[in-house]
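Commentary on secondary and tertiary structure
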Amino acid sequence: MTKLLKLHHSAYRCKDSEETRKFYEEFLELKLVKVLQIKNTKTDRKTNALHTFYQLKDGSCIAFFEEPETEFNFKKQRDFDLHIAFEVSESDLQRMFEKGHSSEIETRGIIDHGFIKSIYFRDPNGYVIELTYPTEKLNNNSYETNIKILKGWQDQKFIP
């Protein structure tokens, strides 16, 4: 059985690579570690795309594709539809909350979810970015409890 080791990167479309760089590198303080210009796909389809990677402390990355000649429906995402959450220290949570307000970036929080405290920003592409500080372990339920809650949810969804 294959064991997944860690997240290498998660990739999203972006409207403008430089605008995206400013948000992720200058505001969120992630380092731009790789840029690839792609002219042909592996199936030899002609394209014009730029792929950028921003690295987190654990070595994983968030990445973006800018492909100006291909239509993509960018829209402001709701938190429940799509958001990207990064873990930070408690002091960085407070610092970034203040930085968001002083930078005039849409900033919500600090919200106490019971097991994490979070703040939310919107990046230049409309994605919701959550910075979160854990106040307790994520895996504080037993596996059996998690399955029971999930089964209860599934059962209630299908009540006529």
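Refer to the preceding data block for the structure.
Bear in mind that the values here come from a model prediction, so they are computed numbers and not experimental data. (Residues numbered from 1 in each chain as written. Predicted model: local features only at pLDDT ≥ 70, side-chain atom pairs only at ≥ 80, totals over all residues. Heavy atoms only, no water.)

Focus: the nonpolar core
Counting residues in each nonpolar core, the largest one holds 21 residues, and the members touching the most others are Tyr-24, Leu-28, Ile-62, Phe-64 and Leu-131. Looking at this core, the elements with two or more residues in it are helix H1 (17-27), strand E4 (61-66), strand E5 (83-87), helix H2 (90-102), strand E7 (116-122) and strand E8 (128-134). For Leu-28, the residues in contact, after removing those within four places along its chain, are Phe-23, Phe-86, Met-96, Ile-129 and Leu-131. (Core = buried A, V, L, I, M, F, W, Y, C linked by side-chain atoms within 4.5 Å. Buried < 20%, exposed > 50% of the residue type's maximum accessible area, 1.4 Å probe, protein only. Helix = DSSP H or I, 4+ residues; strand = E, 2+ residues; numbered from the N terminus. Contact = heavy atoms within 4.5 Å.)

Here's the deal with the packing of aromatic side chains
By convention here, two paired aromatic rings are described through the distance between centres and the angle between planes. One pass over the structure, following the stated rule, counts 9 aromatic pairs. Taking the centre distance of 5.9 Å and the plane angle of 35° together, the rings of Tyr-24 and Tyr-54 count as tilted. Placement of Tyr-24 in helix H1 and of Tyr-54 in strand E3 (residues 46-55) is noted, with a sequence separation of 30 residues between them. When sorted by exposure, Tyr-24 lands in the same class as Tyr-54, which is buried. When the centroid spacing of 6.2 Å and the interplanar angle of 65° are considered together, the rings of Tyr-54 and Phe-64 count as edge-to-face. Of the two residues, Tyr-54 is situated in strand E3 and Phe-64 in strand E4; the sequence distance between them amounts to 10 residues. For Tyr-54, a relative accessible area of 1% puts it in the buried group. (Phe/Tyr/Trp six-rings, centres within 6.5 Å; stacked < 30°, edge-to-face > 60°.)

Focus: the sheet that holds E3
Taken in spatial order, the 4 strands make up an open sheet running E1-E4-E3-E2, and their pairing is mixed. This sheet does not close on itself; its edge strands, each paired only once, are strand E1 (9-13) and strand E2 (31-40). Looking at each pair of strands side by side, their axes are set apart by 20° on average, direction ignored. H1 contacts E2, E3 and E4 of the sheet and is inclined by roughly 10° relative to E3. (Pairing = 2+ DSSP bridges. Axes fitted to C-alpha atoms, helices over the stretch in contact; angles between N-to-C directions.)

Some details on the sheet that holds strand E6 (residues 107-112)
One open sheet holds the 4 strands; their spatial order is E5-E8-E7-E6, and the pairing between them is mixed. For this open sheet the edge positions go to E5 and E6, each flanked by a neighbour on one side alone. Strand after strand, the sheet turns through a mean of 20° between neighbouring axes, direction not considered. In terms of strand pairing, E7 meets E8 through 7 bridges, oriented antiparallel. In the strand pairing of E8, Phe-121 is matched with Ile-129. Relative to E7, H2 is tilted by about 30°, and along the sheet it contacts E6, E7 and E8.

Focus: the pattern of salt bridges
One pass over the full model with this rule turns up 9 salt bridges. The salt bridge involving Glu-26 is made with Arg-21; its shortest N-O contact spans 2.9 Å. Taking relative accessible area as the criterion, Glu-26 reaches 48% and is therefore assigned partly exposed. For Arg-21, a relative accessible area of 16% corresponds to the buried category. Residue Arg-95 is joined to Asp-92 by a salt bridge in which the shortest nitrogen-to-oxygen separation is 3.1 Å. Within this pair, Arg-95 and its partner Asp-92 are both found in helix H2, separated by 3 residues, close to a single helical turn. (Salt bridge = Lys/Arg side-chain N within 4 Å of Asp/Glu carboxyl O.)

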